[in-house]
Amino acid sequence: MGNDKPVQLAAEQIARARADKTLRPSIAGFFDEATNTVSYVVHDPETSEAAIIDSVLDYEAASGRTSYGSADLIVEYVTSNNLKVTWLIETHAHADHISAAPYLQDKLGGKLAIGRQIVRVQEVFGKLFNAGTDFERDGSQFDKLFEDGETFRLGEIEGIALHVPGHTPADMAFIIGDAAFVGDTIFMPDFGTARADFPGGDARQLFRSIRRLLSLPDETRLFLCHDYKAPGRDEYAWETTVRQQREGNVHVKDGVTEDEFVDMRTARDKTLAMPNLIMPSVQVNIRGGRLPAPEDNGVSYIKIPVNAV
C-alpha cells in the first residue's frame, strides 16, 4: 500500500469488518440481462439503513420509451424488508444503461452521490452534446460528490470512497464494511477488465487503479457492475475477491506488467463497438439520471451527434 493513505484506511476498515460480523453489510444483487448490469441494495442489518448502487432505468432505444420494471424490483425489496434508503450511489456516469436514481429517490428517499470528478465527464460530454449554458458542469445535479479517501457511514457500518479512474475519469469504488463495489474497473477473473477508450479514458490509469484495488486485503469481497459470461461459463456471476483477481484475472493478474496491460487493452479496445445505449445513457447520466429538459412541446429529446465519436 506504500504511502497510499486512503487504501490504508480502507484496508483497516476491511480488517475491522472481517473481525466483527456486525460491521459487514447485507447485500442483494439485481441483474438486468438487457444491459448485463448488476444493481445492489446494501444495508446495515442493525439499523436497516440502505444504499442503492448503480440502478437501472429500462429504456427501449427504438421507441425512446422508458419504463420502471427493473427499478420497481428494488422498490419492492426495500419496502418489503423495511429498509431506509440513505444513499443512491453511482460508481460513474454509465455508458450502457440509464440510471434510475431519480425515480428511486422519489419513491424511497436518500442522497444521490457520485465521485467529484464527474465534473470532468460533464465538461467533455457537455461539449460533445452541445448542451449549452443551461447545462451546469459543476456536479450540482448530485447531492454529494465524493473525494478520494472520503469516509461515510451506512448505519453503524463504515464506508470509504476510492477514486479509480481509467475506464472514465470519474470512476469510484465504494467500500462498505468488507465489501468493495468497484463499478466497471474490473470484471470476473475469467473475463478481465473494463475498456478504456471512451473520452477521458486511459488504459495506463486503469491499470494503476486496478492494482490499487488489488492491494486491499486478499479476503476483500468485490462486487462488480457487469457480467457477460466468459466463454465456457454458463452462469452469470458478479462476486469475487481480491485474492481470486490477483491469482486469475486474465488481463491483470499478478505478474502482468503495466506496459503489457496497456498494449493488450489498447489493441482489444480497437476491436470493440460502442455500447448500444451510449448516447442516451451518458447524456442522461451526466444529469444525475434526469432526462434533458422538455422542449416547448413538453417532450424531452436525446441528441445523437453524427460522425463525432
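Scoring rules and cut-offs
- Residues numbered from 1 in each chain as written.
- Predicted model: local features only at pLDDT ≥ 70, side-chain atom pairs only at ≥ 80, totals over all residues.
- Heavy atoms only, no water.
- Helix = DSSP H or I, 4+ residues; strand = E, 2+ residues; numbered from the N terminus.
- Polar contact = N/O pair within 3.5 Å; in protein donor to acceptor, adjacent residues only side chain to side chain.
- Contact = heavy atoms within 4.5 Å.
- 1 Å grid on protein atoms, 1.4 Å probe; cavity = no way out; pocket = protein on both sides within 12 Å on 5 of 7 lines; lining within 4 Å.
- Points joined across faces, edges and corners; volume = space filled by probe spheres on them.
- Nonpolar A, V, L, I, M, F, W, Y, C, P; charged D, E, K, R; others polar.
- Axes fitted to C-alpha atoms, helices over the stretch in contact; angles between N-to-C directions.
- Parallel < 35°, antiparallel > 145°, perpendicular 65-115°, else oblique.
- Left-handed = near helix turned anticlockwise from the far one by under 90°.
- Pairing = 2+ DSSP bridges.
- Core = buried A, V, L, I, M, F, W, Y, C linked by side-chain atoms within 4.5 Å.
- Buried < 20%, exposed > 50% of the residue type's maximum accessible area, 1.4 Å probe, protein only.

### Comments concerning the side chain of S281
Part 1: Mapped onto the secondary structure, S281 falls in helix α8 (residues 278–285).
Part 2: A polar side-chain atom of S281 sits 2.7 Å from the main-chain carbonyl oxygen of L277.
Part 3: Not counting residues within four places of it along the chain, the set of residues in contact with S281 comprises H94, A95, D96, H97 and I98.

### Observations regarding the layout of surface pockets
Any empty space left between atoms is shown by rolling a water-sized probe over those atoms.
Part 1: By volume, the largest pocket is sized at about 570 Å³.
Part 2: Lining the largest pocket are 26 residues, and of these D96, R195, Y228, A273 and P275 lie nearest its centre.
Part 3: Across the lining of the largest pocket, the residue classes tally to 13 nonpolar, eight polar and five charged.
Part 4: Taken together, 17 residues make up the lining of the second largest pocket; nearest its centre are A131, F135, R287, P292 and A293.
Part 5: For the lining of the second largest pocket, the residue count by class is nine nonpolar, three polar and five charged.

### Here's the deal with the packing of helix α5 (residues 203–213) against helix α7 (residues 258–269)
Part 1: For the pair α5 and α7, interaxial distance at closest approach is 9 Å and the crossing angle is 125°. By the angle class used here, α5 and α7 are oblique. Note on packing geometry: the crossing formed by α5 with α7 is right-handed. In this structure, α5 uses A203, R204, L206, F207 and R208 to contact α7, whose residues at the interface are E258, D259, F261, V262, R265 and T266.
Part 2: In the contact of α5 with α7, the residues fall into five nonpolar, one polar and five charged.

### A look at the sheet that holds strand β9 (residues 151–154)
Part 1: Pairing is mixed across the open sheet formed by six strands, whose spatial order is β9-β10-β11-β12-β13-β14. Edge positions in the sheet fall to β9 and β14 (239–241), since each of these pairs with one other strand and no more. In this sheet, adjacent strand axes meet at a mean angle of 30° when their direction is disregarded.
Part 2: Relative to strand β13 (residues 221–223), strand β12 (residues 179–181) runs parallel, the two being bridged by three bridges. Pairing of A180 across the sheet is with L222, part of β13.
Part 3: With respect to the sheet, helix α1 (residues 5–19) is in contact with β10 (157–163) and β11 (172–176), its orientation differing from that of β10 by roughly 150°.

### Brief notes about the nonpolar core
Among soluble globular proteins, nonpolar side chains are generally buried collectively.
Part 1: Membership of the largest hydrophobic core comes to 37 residues, with the highest contact counts inside it found for V41, I52, V78 and L104.
Part 2: In this structure, L104 is in contact with I52, S55, A71, I74, V75, L88 and G109, ignoring residues within four places of it in sequence.

### Concerning the sheet that holds strand β2 (residues 37–43)
Strand pairing within a sheet occurs via backbone hydrogen bonds; the two strands may be parallel or antiparallel.
Part 1: Taken in spatial order, the six strands of this open sheet run β1-β2-β3-β6-β7-β8, and their pairing is mixed. Either end of the sheet is taken by a strand with one partner, and the two such strands are β1 (26–32) and β8 (144–146). Looking at each pair of strands side by side, their axes are set apart by 25° on average, direction ignored.
Part 2: The pairing of strand β3 (residues 49–53) with strand β6 (residues 84–89) spans five bridges and is classified as parallel. Across the sheet, the residue bridging to A50 is V85, located in β6.
Part 3: Each of β3, β6 and β7 (111–115) touches helix α3 (residues 101–108); the most contacted strand, β6, lies at about 165° to it.

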